[in-house]
Amino acid sequence: MKLYHGSNTAGIHILEPRLADHDRPYVYLTTIDVVSAFYICNALEKPYYWFPYGFNENNVPIYHELYPNAFKEISQNRKGYLYEVDAKESQIIPFKNIPCARLGTEPLEVVDFIEISDAYAYFIECVDNGKLEIGKFEDKSEKELENWYKMILGVIQEKNMKDTPNCSYAEFVKNKFPFIWDDYINNNSKHFG
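Just checking my understanding: could you explain the overall build of the protein for this structure?
The number of helices and strands found in the protein is six helices and ten strands. For the protein, the C-alpha radius of gyration of 17 Å lies close to 16 Å, the compact-globule estimate for 193 residues. Counting only C-alpha atoms, the protein reaches 50 × 40 × 30 Å along its principal axes. Buried positions account for 46% of the 193 residues belonging to the protein. Across the protein, every contact between residues at least 6 apart in sequence was considered, and the portion connecting residues at least 24 apart equals 69%. Of the roughly 10,600 Å² of accessible surface on the protein, 47% is carried by carbon and sulfur atoms. Separation of charge centres in the protein, based on 20 positive and 29 negative side chains, amounts to 4 Å.

Hey, could you run me through the pattern of salt bridges in this one?
One side chain can pair with another of opposite charge once the charged atoms of both are near each other. Tallied over the entire structure, the rule returns five salt bridges. Close ionic contact of Lys131 with Asp33 constitutes a salt bridge, the shortest N to O distance being 2.9 Å. With Lys131 in the loop between α3 (119-128) and β10 (133-135) and Asp33 in helix α1 (residues 33-37), this residue pair connects regions lying 98 residues apart in the sequence. Here Lys131 falls in the partly exposed class, since its relative accessible area comes to 34%.

Any chance you could explain the sheet that holds β10 here in plain terms?
Where strands meet in a sheet, backbone hydrogen bonds hold them as pairs that are either parallel or antiparallel. Here three strands make up an open sheet; going across it, the order is β4-β5-β10 and the pairing mixed. Each of the sheet's edge strands pairs with one partner strand only, and the pair in question is β4 (53-55) and β10. Averaged over neighbouring strand pairs, the angle between their axes works out to 30 degrees when direction is ignored. Across three bridges, strand β5 (residues 61-64) lies against β10 in parallel orientation. In the sheet register, Tyr63 faces β10, and the bridge partner there is Ile134.

Can you help me understand the packing of aromatic side chains in this one?
Two measures describe an aromatic ring pair: the distance that separates the ring centres and the angle between the ring planes. Scanning all chains against the criterion turns up 26 aromatic pairs. When the ring of Tyr48 is compared with that of Tyr169, the centres are 6.2 Å apart and the planes differ by 55 degrees; the resulting orientation is tilted. Of this pair, Tyr48 sits in the loop between α1 and β4 while Tyr169 sits in helix α5 (residues 168-176), and the two are 121 residues apart along the sequence. Across the pair, Tyr169 and Tyr48 agree in class, each one buried. Ring geometry for Phe71 and Tyr120: centres 6.1 Å apart, planes at 55 degrees, overall tilted. Of this pair, Phe71 sits in helix α2 (residues 70-75) while Tyr120 is found in helix α3, placing the two residues 49 residues apart along the sequence. Positioned over the ring face of Tyr184 is Lys162, at 5.1 Å from the centre of the ring. Above the plane of the ring of Trp181 lies Lys174, whose end atom (NZ or CZ) is 5.2 Å from the centre.

Help me out: how do you make sense of the pairing of strand β9 (residues 108-116) in this one?
Two faces belong to every sheet, and in a regular strand the side chains alternate between them. Where strand β2 (residues 14-15) and β9 come together, two bridges link them in antiparallel fashion. The partner of Ile14 across the bridge, within β9, is Glu109. Strand direction decides the pairing type here: strand β6 (residues 80-86) and β9, joined by six bridges, are antiparallel. Residue pairing for β9: Gly80 is matched across the bridge by Ile116.

Analysis parameters
- Residues numbered from 1 in each chain as written.
- Predicted model: local features only at pLDDT ≥ 70, side-chain atom pairs only at ≥ 80, totals over all residues.
- Heavy atoms only, no water.
- Helix = DSSP H or I, 4+ residues; strand = E, 2+ residues; numbered from the N terminus.
- Rg over C-alpha atoms; globule rule 2.2 N^0.38 Å.
- Buried < 20%, exposed > 50% of the residue type's maximum accessible area, 1.4 Å probe, protein only.
- Contact = heavy atoms within 4.5 Å.
- Areas by Shrake-Rupley, 256 points an atom, 1.4 Å probe, with all protein chains shown as cover.
- Lys, Arg positive; Asp, Glu negative; His and termini not counted.
- Charge placed at Lys NZ, Arg CZ, Asp CG, Glu CD.
- Salt bridge = Lys/Arg side-chain N within 4 Å of Asp/Glu carboxyl O.
- Pairing = 2+ DSSP bridges.
- Axes fitted to C-alpha atoms, helices over the stretch in contact; angles between N-to-C directions.
- Phe/Tyr/Trp six-rings, centres within 6.5 Å; stacked < 30°, edge-to-face > 60°.
- Lys NZ or Arg CZ within 6 Å of the ring centre and 35° of its normal.

Written out as structure tokens, the structure reads:
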């Protein structure tokens, strides 16, 4: 099965499982090249991730902007690599809740790669080719944004970020969504019904 892995590291020949925020080390892979490119431009420091995306009815990825110009801010001038592997079913497992994602359970040999000098330019080319949609912030309804904000609140509650207020995810939320952080700290639901 042809799978993709996005990275900022050049010259990878073998993708080794790494520990992220799961129970054991994995190689994070996708069946869709543009989705793997999101990992080139993570707005947060590991082990946290910021990729607000979903899929349209034709299974085309949609990156959702949750504040003005978010997509350009996160991806412009970001460099990286898309690595391709040919994995056997015995080397991967599905990733819950993300149909295109797979978890590599053992080292995987890279069979090809492309270098991306500017992720934003790459993504715009993908938009032009119908491989990606950008859900602009200004086009979102209040209800859509509220649903995303509830998810963000759920993450910081689940991770109990009152105990780690200086981690990259908490800092990002405090900077981009201070009202969510305030609701969390003050234990109220002023913004979320």
